Each structure stands twice: as structure tokens, then as C-alpha cells.
Amino acid sequence: MTISLETRQQVRQRANFACEFCGIAEVDAGDQLTVDHFRPLTKGGDDELENLIYCCPRCNQYKLAYWVEPPHPSLLWNPRIEPFSKHFLSLENGTLHPLTPIGVFTLNRLRLNRPALVANRLRRQQTEDEIRLLSRYRDLTRMIEQVIEQQSALIEEQHVLLKEQQELLRLLIDSRRRE
């Protein structure tokens, strides 16, 4: 059975155009990635959307036609069923740390700490940090602009009050002179 272009597009969009195993994006890979069968066709898998994974050629190469039935101790993480955070922890140095036996097996099988992936994670993390800082900078700039507007309004109000005070003082001086 051949996967239709419409199904391929659904799989790509669902995966946000990135490998569902390692997270490498199409833009970083320089092309579209592959649509793989999580459970291989040779092991009873099918072309249903739930069995299709969007992955980079390397993860696809390392996964091959791997398939074992639960409760086998060497289960591969299925990103369509369980969240990344259940099995992996992203460390500050760009590496992944496994949290479960499934995480350990998947990390080793797919070589998810390949140097290029670690570098990519560090770049993404740096970009996210920069975006977060820029967002905070924009918020601070808006707050400063609001303070300046409030300060201008207060200065204008003070100017009006000073004129009123001058007028009152002038009236008071004039009334004393007449006495």
C-alpha cells in the first residue's frame, strides 16, 4: 500500500515539520524528512495515520524495521503515544538523559545524543533564550513608555497647578497691596 500525498502532508503537519524522535526540523535538515511506519509493515504494521511517524533519515536508518511486542524490555519510545518528557530530560549541555528503560533503549538505538543533534539542541535553546530575552525587553520597553507617558501627564498637570498657584499668589499680593 502506498502512502498518499495527503497522508504524508498530514503526518508532516502533525509533527510540526520535524523528526518526531530527535526533533530535527526540515529547515535544519535542508529537505523534507521521511514518513516511517512505527510498527513496520513486515511486522504487521499498516499505513494508518496512527502508525506513521515523521522522522529524519538518520533516525529512520537507526530504527530500521525494529519491532518488539510489549512487555519486551527493549521497547522503542512511540512519540505518537507518549510525551517526550516521560522518557527524556533535556540537559543544559544539549544532551538527553533517559528517565525510563524505554528512554535508555531509544536513546541508544536511535543515537539521540549524536554530536549534530546536541549542537542543534544547543542552537535551538540559545534561540529560545534570545526570543525570551527579546520578549522581556519589549515588555520593559512598553513599561518604560507607559511610565514616560504618565510622567509627561504629571508634568503637564504640575505645570497647570503652578500656573494656578502663580495666579493665586498674584491675587494675594494684589489684595495686600490694596490694604
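Further up the page is the structure itself.
Quick caveat: nothing in here was measured; it's all calculated off a predicted structure. Throughout this description, residue numbers start from 1 for each chain and increase along the sequence as written. Two thresholds apply to this predicted model, a pLDDT of at least 70 for residue-level local features and 80 or more for giving and counting side-chain atom pairs, whereas whole-chain, interface and lining totals are computed over all residues. Hydrogens and waters are ignored; side-chain quantities use all the structure's heavy atoms.

Caption draft 1: Representation of helix H5 (residues 101–109) in the model. Relative accessible area decides the class of each residue, using a 1.4 Å probe on protein chains only: under 20% of the type maximum gives buried, over 50% gives exposed, and in between gives partly exposed. Elements are defined by DSSP. Helices are runs of H or I of four residues or more, strands are runs of E of two residues or more, and each kind is numbered from the N terminus. By the burial criterion, the buried members of H5 are Ile102, Gly103, Phe105, Thr106 and Leu107. Those residues of H5 that are buried are in contact with helix H4 (84–87), strand E3 (88–90) and strand E4 (96–98). In what follows, a contact means two residues having at least one pair of non-hydrogen atoms within 4.5 Å.

Caption draft 2: Spatial organisation of the pairing of strand E2 (residues 52–55). Along E2, one buried face is formed by Leu52 and Tyr54 and the opposite face, lined by Ile53 and Cys55, is buried too. Examined bridge by bridge, strand E1 (residues 34–37) and E2 share 4 bridges and lie antiparallel to one another. By the bridge assignment, Thr34 is partnered in E2 with Cys55. The pairing criterion for strands is at least two bridges between them, as found by DSSP.

Caption draft 3: Representation of the pattern of salt bridges within the structure. Salt bridges are defined by distance alone: a side-chain nitrogen of Lys or Arg within 4 Å of a carboxyl oxygen of Asp or Glu. Across all of its chains, the model carries 9 salt bridges by this definition. In this structure, the salt-bridge partner of Asp139 is Arg142, at a minimum N-O distance of 2.9 Å. You can see Asp139 and its partner Arg142 sitting in helix H6 (residues 115–178), 3 residues apart, about one turn around the helix. Arg170 serves as the salt-bridge partner of Asp174, at 2.9 Å between the closest nitrogen and oxygen. Here Asp174 pairs with Arg170, and both are found in helix H6, just 4 residues apart, close to one helical turn. A relative accessible area of 22% places Asp174 in the partly exposed class. One salt-bridge network, in which partners are shared between bridges, spans Glu167, Arg170 and Asp174.

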